[in-house]
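Each chain, written out:
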Amino acid sequence: MGPALAMIGEWQVDYKGQRMPAAEALADAGLTPVRPVGKDFLSIISSNALTAGQAALLSHDAGLYLERQIVVFALALEGFNGNVAPFLAETTEIRPFPGMVEAATQIRAALQDSYLWQNSDTRGLQDPLSYRTMAYVMGSAIEANSALQDALTIQINHSDDNPAVLAEHSYDGESSQVASYQVTDGGAIYPTANFDLLPVADKVEALNLALARMTRSMVMQTIRYENPALTKLSRFLAADDNQGLAFGALQVPMSALAIEARQLSLPVSLDGLGTSAGIEDVASNGPLAVANLEKMIELGYRISSMQLLHAAQAADLRAPAQLGEMTSQLHDAYRQKVPFVDEDRAFTEDLAQGVEVLENFQPALVN
């Protein structure tokens, strides 16, 4: 509510390095306070408007994150020497769920020219499910984000006011409850539930759940690198001459982050207490769902950075195996910031650098 109060010249603001009354700051800036009329102030402080705006920005951020994570997964598949068969057009079109097909298409694009397309006697026929099902898992997140964008398109382009004021509206029926909402100048004022943000909030919750499910698969994929029987690489991806712990200690923080993601995915639209003498007895809790989405994306990048650390190491251990066109771009950008792990070291700075690399990586995937 503070920004809204500042707009009308009330409350305090930080201006030119000092905290002062909003009226003084506006005057110094040559601005005139807004003078709300009627329900203007309710529009200014509406949590729906703020929540929808935040959700729109976060949906955009989630889309970028998903595009980047597709390339991270593709590199992880290369590091694992995984099987591309579950992502082929021939296999995905047998059961063509749209999001899954889109994710598989992007995975294939990221793996263009990769060594994974060459036959290998050391490659498994059936990879762990966390790898095999990734197009479905990522496809679910893609579909959830698309559904959120559809809901936001309706929300931000229509009125959610209550009561609803309709100009030049008339009711042709006989005198009734509906007719009582007519006004003498030819309009009508109807009580509504159009303020209910549930159509947006539940889409945010669905995206939170899809992202949490994806992060769990990412952690499972990364933990599978511990097993030389699956990877044919050293245990915990240790360098050839390194008998240390390598990446073994990262399993615990990765698992902790996956659990945190699960907590963020829990629905909040089921919560709420009755207020306003029992009239406002349900709530979507949209602002909290959106706040959870912001945390979920930030947490996702942290887990992706951990996966990228492992994937790049595994890919280097397989050198000179050729990486895909897009995965090699990510690998090279990462190696400019994070060197190969040839001996045990603290990974705090490496993980921070990984997040930075991912946030600046611009994959040119097919549409």
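Overview of the structure. (Residues numbered from 1 in each chain as written. Predicted model: local features only at pLDDT ≥ 70, side-chain atom pairs only at ≥ 80, totals over all residues. Heavy atoms only, no water.)

Attention now goes to the overall build of the protein. A tally of regular secondary structure across the protein gives 14 helices and 4 strands. Relative to the compact-globule value of 21 Å for 367 residues, the protein shows a C-alpha radius of gyration of 26 Å, a clear excess of over 25%. The C-alpha extent of the protein, read off along each of the three principal axes, is 85 × 55 × 35 Å. Burial status across the protein gives 43% buried among its 367 residues. In the form shown here, the protein has an accessible surface area of approximately 19400 Å², with 55% of it arising from carbon and sulfur atoms. (Helix = DSSP H or I, 4+ residues; strand = E, 2+ residues; numbered from the N terminus. Rg over C-alpha atoms; globule rule 2.2 N^0.38 Å. Buried < 20%, exposed > 50% of the residue type's maximum accessible area, 1.4 Å probe, protein only. Areas by Shrake-Rupley, 256 points an atom, 1.4 Å probe, with all protein chains shown as cover.)

Residues Leu211, Met214, Leu309 and Leu330 are the most contacted members of the largest nonpolar core, which totals 85 residues. Those elements that place two or more of their residues in this core are α4 (47-80), α6 (98-110), α8 (134-156), α9 (198-223), α11 (251-264), α12 (286-317), α13 (325-335) and α14 (348-360). Contacts of leucine 309, omitting those with residues within four sequence positions, involve Phe247, Leu250, Tyr334, Val338, Val341, Phe347 and Leu351. (Core = buried A, V, L, I, M, F, W, Y, C linked by side-chain atoms within 4.5 Å. Contact = heavy atoms within 4.5 Å.)

The subject of this paragraph is α12. Along its 32 residues, α12 runs 46 Å from first to last C-alpha, staying within 8% of the 46 Å computed at 1.5 Å per residue. The buried fraction of α12 is high, at 23 of 32 residues. (Expected span 1.5 Å × (residues − 1).)

Inspection of the entire model under this criterion finds 6 salt bridges. Residue arginine 19 is joined to aspartate 14 by a salt bridge in which the shortest nitrogen-to-oxygen separation is 2.8 Å. Across the pair, aspartate 14 and arginine 19 agree in class, each one exposed. The partner of aspartate 316 in a salt bridge is arginine 335, with the nearest N and O atoms 2.7 Å apart. Taken as a pair, aspartate 316 in helix α12 and arginine 335 in helix α13 lie far apart in primary sequence, 19 residues in all. The exposure class of aspartate 316 is partly exposed, given its relative accessible area of 23%. (Salt bridge = Lys/Arg side-chain N within 4 Å of Asp/Glu carboxyl O.)

With an omega dihedral of 0°, the bond running from asparagine 162 to proline 163 counts as a cis peptide bond. Along the polypeptide, proline 163 turns up in the loop between α8 and β3 (164-166). Even without being a glycine, phenylalanine 236 presents a positive backbone phi close to 60°. Take phenylalanine 236: it is sitting in the loop between α10 (228-231) and α11.

Moving on, we come to the packing of aromatic side chains. One pass over the full model with this rule turns up 8 aromatic pairs. Seen in terms of ring centroids, phenylalanine 80 and tyrosine 225 are 6.1 Å apart; in terms of plane orientation they differ by 65°. Their pairing is edge-to-face. One end of the pair, phenylalanine 80, is in helix α4; the other, tyrosine 225, is in the loop between α9 and α10, and 145 residues separate them in sequence. The class for tyrosine 225 is buried, based on a relative accessible area of 1%. (Phe/Tyr/Trp six-rings, centres within 6.5 Å; stacked < 30°, edge-to-face > 60°.)

Note on placement: serine 59 falls in helix α4. Residues within four places of serine 59 in sequence aside, it is in contact with Asn145, Leu148, Gln149 and Leu152.

Across 4 bridges, strand β1 (residues 12-15) lies against strand β2 (residues 18-21) in antiparallel orientation. Bridge pairing in β2 places aspartate 14 opposite arginine 19. In this structure, the hairpin formed by β1 and β2 is closed by a connection of 2 residues, where lysine 16 is found at a positive phi of approximately 55°. (Pairing = 2+ DSSP bridges.)

Turning next to the environment of asparagine 157. You can see asparagine 157 is positioned in the loop between α8 and β3. At 2.7 Å, the side chain of asparagine 157 forms a polar contact with the backbone oxygen of threonine 153. (Polar contact = N/O pair within 3.5 Å; in protein donor to acceptor, adjacent residues only side chain to side chain.)

Next up on the list: the packing of α4 against α8. Working note: a packed helix pair is described by the angle between its axes plus the distance between those axes. Where α4 meets α8, the closest approach of the two axes is 10 Å, and the angle between their N-to-C directions is 155°. Considering their axes alone, α4 and α8 lie roughly antiparallel with respect to each other. The two elements α4 and α8 meet at a crossing, and its hand is left-handed. Judged by residue contacts, Asn48, Ala52, Ala55, Ala56, Ser59, Ala62, Gly63, Leu66, Gln69, Ile70 and Phe73 of α4 engage Met134, Met138, Ala141, Ile142, Asn145, Leu148, Gln149, Leu152, Gln155 and Ile156 from α8. A per-class count over the contact of α4 with α8 returns 14 nonpolar, 7 polar and no charged. (Axes fitted to C-alpha atoms, helices over the stretch in contact; angles between N-to-C directions. Parallel < 35°, antiparallel > 145°, perpendicular 65-115°, else oblique. Left-handed = near helix turned anticlockwise from the far one by under 90°. Nonpolar A, V, L, I, M, F, W, Y, C, P; charged D, E, K, R; others polar.)

Here we take up the packing of α4 against α9. Running from amino to carboxyl end, α4 crosses α9 at an angle of 20°, the nearest separation of the two axes being 13 Å. One finds that α4 runs roughly parallel with respect to α9. Note that α4 runs across α9; the crossing there is left-handed. Contacts between α4 and α9 involve Ala62, Tyr65, Leu66, Gln69 and Phe73 from the former and Leu207, Leu211, Met214, Met218 and Gln221 from the latter. Per-class residue counts for the contact of α4 with α9 are 8 nonpolar, 2 polar and no charged.

The values reported here are purely geometric and, on their own, carry no functional implication.
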